[in-house]
Amino acid sequence: MKKSVEYNLVAKCLLPSAGRYPDSVAMVFEGKEFTYRDILKEVSRYVAMLKKLGVKRGEVVAFLMTNRPEFPFSYLAVASMGAIALPIDPSYKPNEVTFRIKDSGTVAVIGNEQPLQRVYAVKDTLSTVRHYILAGPESAGTPLPKDVVRVKDMKEGNGKVEPCDVLPDDTAHILYTSGTTGVPKGAMITHQNLYTNAEACVKNASYVHEDRVVCVLPLFHCFGLLQTLFGPFFVGATVLLVERFSAKAVLETIDKYKATVMQGVPTFYILMLNLPELKSYSIKSLRFCLSGGASTAVEILERWKQATGGVVLQDGYGLSEATALVCRTPKEFPRKPGSLGRPSYRTEVRIVDEEGKDVPQGTVGELVCRGPLVMKGYLNDPSRTAEAIRDGWLHSGDLVYADPDGDLFLVGRKKEIIFRGGANVYPREVEEVLYKNPKVAEAAVIGVPDELFGEKVKAFIVLRSGVTATEEETKEFCAKYLAKYKTPEYVEFISEMPKTTTGKIRKVALKEKNK
């Protein structure tokens with residue numbers, strides 16, 4: 001297969017809409033409108049800047065940004081050049097960021113002021129990074145050094161975006177996911193993965209040019225990037241960009257701009273429904289709503305349906321390694337509480353036993369999937385790639401069963417990921433931090449049920465002999481190394497860990513203890 005411009009994400013998801021609707025509003029942020037013509041102008045500006053700095057095809061550019069216009073401008077520029085985007089949660093602490101930068105060989109970091117300052121402070125440990133680039137406003141208080149490149153100082157773009165030719169399976173995006181080992185794995189997401197998923201979003205949500213889509217899910221994750229940015233761009237719709245979630249901000253956005261599509265995690269919907277002034281906002285313009293990251297409680301489904309005048313909140317199930325969406329609840333079929341739905345666009349799903357054989361309908365097994373949405377592998381990690389993708393099928397580690405209609409239901413997770421408000425927390429990563437504490441002899445982390453967030457992080461700790469510690473000081477210790485949502489919200493000190501005969505900690509027993 002020959003390389004072609006047609007396989008480039010930008011050629012698929014942006015240029016056609018920019019050609020058809022150049023003067024239509026592509027994005028709104030804090031009251032400022034950007035047409036598709038404006039988007040091209042900004043993307044061309046970033047391309048010119050990155051080329052001037054010497055960024056080349058195949059090199060990695062890291063992003064440390066919130067949901068601001070600079071994110072799509074720079075991301076699309078990187079993709080059009082054939083470089084590789086590495087979005088990173090801007091709330092991460094330096095130790096969380098540096099592994100990803102080192103492992104990927106990142107050559108440039110683009111960020112908003114505060115996260116860029118944190119990374120710049122440890123730049124002496126990041127030998128591959130040649131440039132630090134400030135995108136967005138700069139405060140007068142603690143300015144960044146002069147050697148930091150500032151986008152605002154660059155010339156305006158000419159509006160011409162000419163994507164380079166790529167192969168469908170060329171890496172466009174690296175998404176780190178820690179898994180249960182605590183060691184982050186860089187899922188290599190291709191151009192084909194991205195534009196096929198954007199196309200799937202269009203199919204699943206029936207996006208049209210007239211749609212106005214709330215974009216409040218973090219763009220550093222594929223769920224937000226594809227479902228609420230590239231999906232809408234694919235059809236020339238309008239993206240209503242919200243920097244950070246707050247129930248009031250999202251409701252105001254829906255009301256003001258008569259949003260037609262809202263996608264989020266269950267926590268978002270719960271907080272909006274619980275806002276005392278909910279009834280003062282008009283949200284009946286919504287026609288499609290999706291919730292992902294965790295199953296949505298029946299009560300929330302009913303309350304949302306009533307608040308929106310009959311919109312059924314659809315559930316979705318996704319995996320980072322499958323670029324985002326694997327299953328969704330089709331709007332043309334009755335909504336079944338607790339169901340993951342059915343396989344998404346161009347995705348095949350099977351339920352298998354330990355030997356990889358299909359299980360009978362109604363029997364619990366592991367969900368495996370394949371299709372053009374599945375990653376091509378983990379960066380620098382062929383052994384874990386081979387473990388995850390077997391005979392072309394991606395193994396999710398999630399246990400499900402299918403009912404007679406083919407709807408899937410999640411039973412449990414072979415992987416011990418904690419789903420907190422739509423964000424993934426990996427117990428081993430938190431445990432590694434706890435073991436840095438000289439007072440800790442043993443540590444085990446689990447997720448505990450929470451009405452608002454779905455789950456919260458709880459740590460069980462056995463202290464070393466002769467020392468004492470408090471819950472508060474343990475939380476403060478963790479907060480030095482972990483993002484806020486990963487930091488344990490509950491800490492329980494116990495005299496000994498429940499263990500198997502081989503000495504492994506029995507987390508099932510800890511979960512039982514917590515009930």
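Up top is the structure these notes are about.
Since the structure is predicted, the reported quantities are computational estimates derived from the model, not experimental observations.

Trainee: Please give an account of the overall build of the chain that cites residues and values.
Mentor: A tally of regular secondary structure across the chain gives 15 helices and 27 strands. Expected size for 515 residues packed as a compact globule is a radius of gyration near 24 Å; at 23 Å, the chain falls within 12% of this value. Considered along the principal axes of its C-alpha atoms, the chain spans approximately 65 × 55 × 55 Å. For the chain, buried positions account for 57% of its 515 residues. Residue pairs at least 24 apart in sequence account for 66% of intrachain contacts in the chain once pairs closer than 6 positions are excluded. Of the roughly 21600 Å² that the chain leaves accessible, carbon and sulfur atoms contribute 52%. Once the 69 positive and 62 negative side-chain charges of the chain are each reduced to a mean point, those two points are 3 Å apart.

Trainee: So, unusual backbone geometry: which residues are in play, and what are the values?
Mentor: At Lys-258, a residue that is not glycine, the phi angle is positive and equals roughly 50 degrees. Take Lys-258: it is sitting in the loop between helix 9 (247-257) and strand 12 (261-264). Exposure remark for Lys-258: the relative accessible area of 37% places this residue in the partly exposed category. Even without being a glycine, Arg-346 presents a positive backbone phi close to 60 degrees. If you trace the backbone, Arg-346 turns up in the loop between strand 16 (339-343) and strand 17 (348-352).

Trainee: Explain the packing of aromatic side chains residue by residue, including any values.
Mentor: According to the stated counting rule, one finds 13 aromatic pairs in the structure shown. On the basis of an interplanar angle of 25 degrees and a centroid distance of 5.6 Å, the ring pair of Phe-63 and Phe-71 is categorised as stacked. Assessed through its relative accessible area of 1%, Phe-71 is described here as buried. Where Tyr-75 meets Phe-230, the ring centres are 5.5 Å apart and the plane angle is 55 degrees; that geometry is what we call tilted. Placement of the pair is Tyr-75 in helix 4 (residues 70-81) and Phe-230 in helix 8 (residues 222-235), with a sequence separation of 155 residues.

Trainee: Can you explain the pairing of strand 12? Please cite residues and give values.
Mentor: For a regular strand, side-chain orientation follows a simple rule: the groups alternate between the two sheet faces. With burial as the criterion, each face of strand 12 is covered, one bearing Val-261 and Gln-263 and the other bearing Met-262 and Gly-264. Of the strand pairs in this sheet, strand 10 (residues 212-215) and strand 12 are connected by two bridges, and their pairing is parallel. Along strand 12, the bridge assignment pairs Val-213 with Val-261. For strand 12 and strand 13 (residues 288-291), the ladder comprises four bridges, and the chain directions are parallel. Looking across to strand 13, one finds that Val-261 is bridged to Phe-288. With helix 10 (residues 266-273) bridging strand 12 and the parallel strand 13, this β-α-β connection has right-handed handedness.

Trainee: Which residues make up the sheet that holds strand 26 (residues 454-463), and what values do they have?
Mentor: Pairing in this open sheet of three strands is mixed, and the strands run 25-26-27 from one edge to the other. The sheet terminates laterally at strand 25 (440-450) and strand 27 (490-493), the two strands that pair on one side only. Strand-to-strand twist in this sheet, taken as the mean axis angle between neighbours without regard to direction, amounts to 25 degrees. Of the pairings in the sheet, the one linking strand 25 to strand 26 comprises 10 bridges and is antiparallel in character. Residue Val-445 lies in a different strand from strand 26, and its bridge partner there is Ala-459. Along the sheet face, helix 13 (residues 427-434) touches strand 25 and strand 26 and points at about 145 degrees away from the line of strand 25. Together, strand 26 and strand 27 form the strand contacts of helix 14 (residues 471-479), whose direction differs from that of strand 27 by roughly 125 degrees.

Trainee: Explain helix 7 (residues 191-205) residue by residue, including any values.
Mentor: With 15 residues, helix 7 should cover 21 Å at 1.5 Å per step; its first-to-last C-alpha distance of 21 Å lies within 8% of that length. With 12 of its 15 residues buried, helix 7 lies for the most part within the structure. Along helix 7, the residues that are buried comprise His-191, Asn-193, Leu-194, Tyr-195, Thr-196, Asn-197, Ala-198, Ala-200, Cys-201, Val-202, Asn-204 and Ala-205. Once helix 7 finishes, Ser-206 follows within two positions and takes phi at roughly 55 degrees, a positive value.

Trainee: Could you give an account of the side chain of Gln-227, with specific residues and numbers?
Mentor: Tracing the backbone shows Gln-227 in helix 8. One polar contact links Gln-227 to Gln-263, side chain to side chain, over a distance of 3.5 Å.

Cut-offs and rules
Residues numbered from 1 in each chain as written. Predicted model: local features only at pLDDT ≥ 70, side-chain atom pairs only at ≥ 80, totals over all residues. Heavy atoms only, no water. Helix = DSSP H or I, 4+ residues; strand = E, 2+ residues; numbered from the N terminus. Rg over C-alpha atoms; globule rule 2.2 N^0.38 Å. Buried < 20%, exposed > 50% of the residue type's maximum accessible area, 1.4 Å probe, protein only. Contact = heavy atoms within 4.5 Å. Areas by Shrake-Rupley, 256 points an atom, 1.4 Å probe, with all protein chains shown as cover. Lys, Arg positive; Asp, Glu negative; His and termini not counted. Charge placed at Lys NZ, Arg CZ, Asp CG, Glu CD. Phe/Tyr/Trp six-rings, centres within 6.5 Å; stacked < 30°, edge-to-face > 60°. Pairing = 2+ DSSP bridges. Right-handed = clockwise from strand over helix to strand, strands pointing away. Axes fitted to C-alpha atoms, helices over the stretch in contact; angles between N-to-C directions. Expected span 1.5 Å × (residues − 1). Polar contact = N/O pair within 3.5 Å; in protein donor to acceptor, adjacent residues only side chain to side chain.

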